[in-house]
Amino acid sequence: MSPAVAVLLLLAGLSEAAGRLLPLLARRTGASRPGAWSPGTSRPGAVLLLVTGAVVEGSVFALWPLTASALAGLTQPAPPPATTTMTWTPALAAPLLLAAVLAFPLLGPLLHLLLFAAVGASLVAPLAALTDLGWWTAAGCVAVAGVGLGLAVEAVRRLVAWISREVPA
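Not measured: the values here are computed from a predicted model. (Residues numbered from 1 in each chain as written. Predicted model: local features only at pLDDT ≥ 70, side-chain atom pairs only at ≥ 80, totals over all residues. Heavy atoms only, no water.)

1. Description of the overall build of the chain
The following threshold applies: The secondary structure listing takes helices from DSSP runs of H or I that are at least 4 residues long and strands from runs of E that are at least 2 residues long, numbered from the N terminus. Throughout, exposure labels follow a simple rule: accessible area from a 1.4 Å probe, protein chains only, divided by the maximum for the residue type, with under 20% read as buried, over 50% as exposed, and the rest as partly exposed. Note on contacts: a residue pair is in contact if any heavy atoms of the two residues lie within 4.5 Å.
Summing up its helical and strand segments, the chain has 5 helices and 0 strands in all. Put simply, the chain runs from its N terminus to its C terminus through helices and strands in the order α-α-α-α-α. Looking at the 169 residues of the chain, the share that counts as buried comes to 34%. Considering only contacts in the chain between residues 6 or more positions apart, those separated by 24 or more positions represent 71%.

Listed below in structure tokens is the structure:
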């Protein structure tokens, strides 16, 4: 993966993490108004959560084409050649960053879902060409990979939230 792609994926992850973290910070009790700091608000803790979330989301984005390639390899009757692993290119990652910024989760989940579906659709043609699968089969692999990774991340988020509620402060 080139440095440019890594930066694009990290920025997309940062946008995703910020969109998930900002509503939580806005709902915190003890916050007098947005942007105001109070002793109960931990800015270093929020920054750490933001950076951690950016790395996690960027990693999930990086795994999306790899997981789709692996699923495509499972659907083929013959073992695929060793060169059938699809990775992000700057041309593929730039729309992902644009979608992450435009679909900042505060704007609404439907727009968010539509833009990521469009980014997923842009991954289908390269995967179909790389693996000699039909367009619909490649689309299914990209969709299953995206949904599977999204569900895995959501499960981890819920587990962390549940654990953090159980641990006394």
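Having put the structure on the table, let's press on.
2. Some points on the packing of aromatic side chains
Stated precisely, the cut-off is as follows: When the centres of two rings from Phe, Tyr and Trp lie within 6.5 Å, Trp using its six-membered ring, the rings pair. Their planes under 30 degrees apart give stacked, over 60 give edge-to-face, and anything left gives tilted.
Taken as a whole and judged by the stated rule, the model has 1 aromatic pair. Residues Trp 135 and Trp 136 carry aromatic rings whose centres are separated by 5.1 Å and whose planes lie at 85 degrees to one another, so their mutual orientation is edge-to-face. Taking the relative accessible area as the measure of exposure, Trp 136 reaches 72% and is therefore exposed.

3. Some words on helix H5 (residues 135–166)
Just so we agree on the cut-off: For a helix, the expected span equals 1.5 Å multiplied by the residue count minus one.
Helix length check: H5 (32 residues) gives 46 Å between terminal C-alpha atoms against 46 Å at 1.5 Å per residue, within 8%. Taken as a whole, H5 has its buried residues at Ala 138, Ala 139, Cys 141, Val 142, Ala 145, Leu 149 and Val 153.

4. Digging into the side chain of Thr 131
This is how the line gets drawn: Whenever a nitrogen or oxygen atom comes within 3.5 Å of another N or O atom, the pair is scored as a polar contact, on the condition that within protein one atom can donate a hydrogen and the other can accept it, and that pairs from neighbouring residues in sequence are kept only if both atoms are in side chains.
Summarising the element assignment, Thr 131 is placed in helix H4 (residues 109–131). For Thr 131, a relative accessible area of 5% puts it in the buried group. Looking at Thr 131, its side chain comes within polar contact range of the main-chain oxygen of Leu 127, at 2.7 Å.

5. Things to note about the environment of Leu 63
Examined against the element boundaries, Leu 63 turns out to sit in helix H2 (residues 43–75). Residue classification places Leu 63 among the partly exposed residues on the basis of a relative accessible area of 40%. Between the C-alpha atom of Leu 63 and that of Ala 145, which follows or precedes it by 82 residues, the distance is 8.8 Å.

6. Observations regarding the confidence of the model for the chain
Detailed reading of the predicted coordinates is not advisable wherever pLDDT falls low. So the rule is basically this: Known as pLDDT, the predictor's confidence for each residue is given on a scale from 0 to 100.
Looking at the chain as a whole, its pLDDT mean stands at 75, while 70% of the residues score no less than 70. Low pLDDT, under 50, characterises residues 37–41; the predicted model gives this stretch 4 contacts beyond four residues in sequence or across chains.

7. Quick notes on the pattern of salt bridges
Where we set the bar: Whenever Lys or Arg places a side-chain nitrogen within 4 Å of a carboxyl oxygen from Asp or Glu, that contact is recorded as a salt bridge.
Under the definition given, this model contains 1 salt bridge. Residues Glu 154 and Arg 158 are paired through a salt bridge, measuring 3.3 Å at the closest nitrogen-oxygen approach. Placement of both Glu 154 and Arg 158 in helix H5 is noted, with a separation of 4 residues, approximately one turn of the helix. In this structure Arg 158 comes out as exposed when scored by relative accessible area, which is 58%.

8. With respect to unusual backbone geometry
Within the chain, Asp 132 stands out as a residue other than glycine whose phi angle is a positive 60 degrees. Among the residues examined, Asp 132 registers a relative accessible area of 70% and is labelled exposed.

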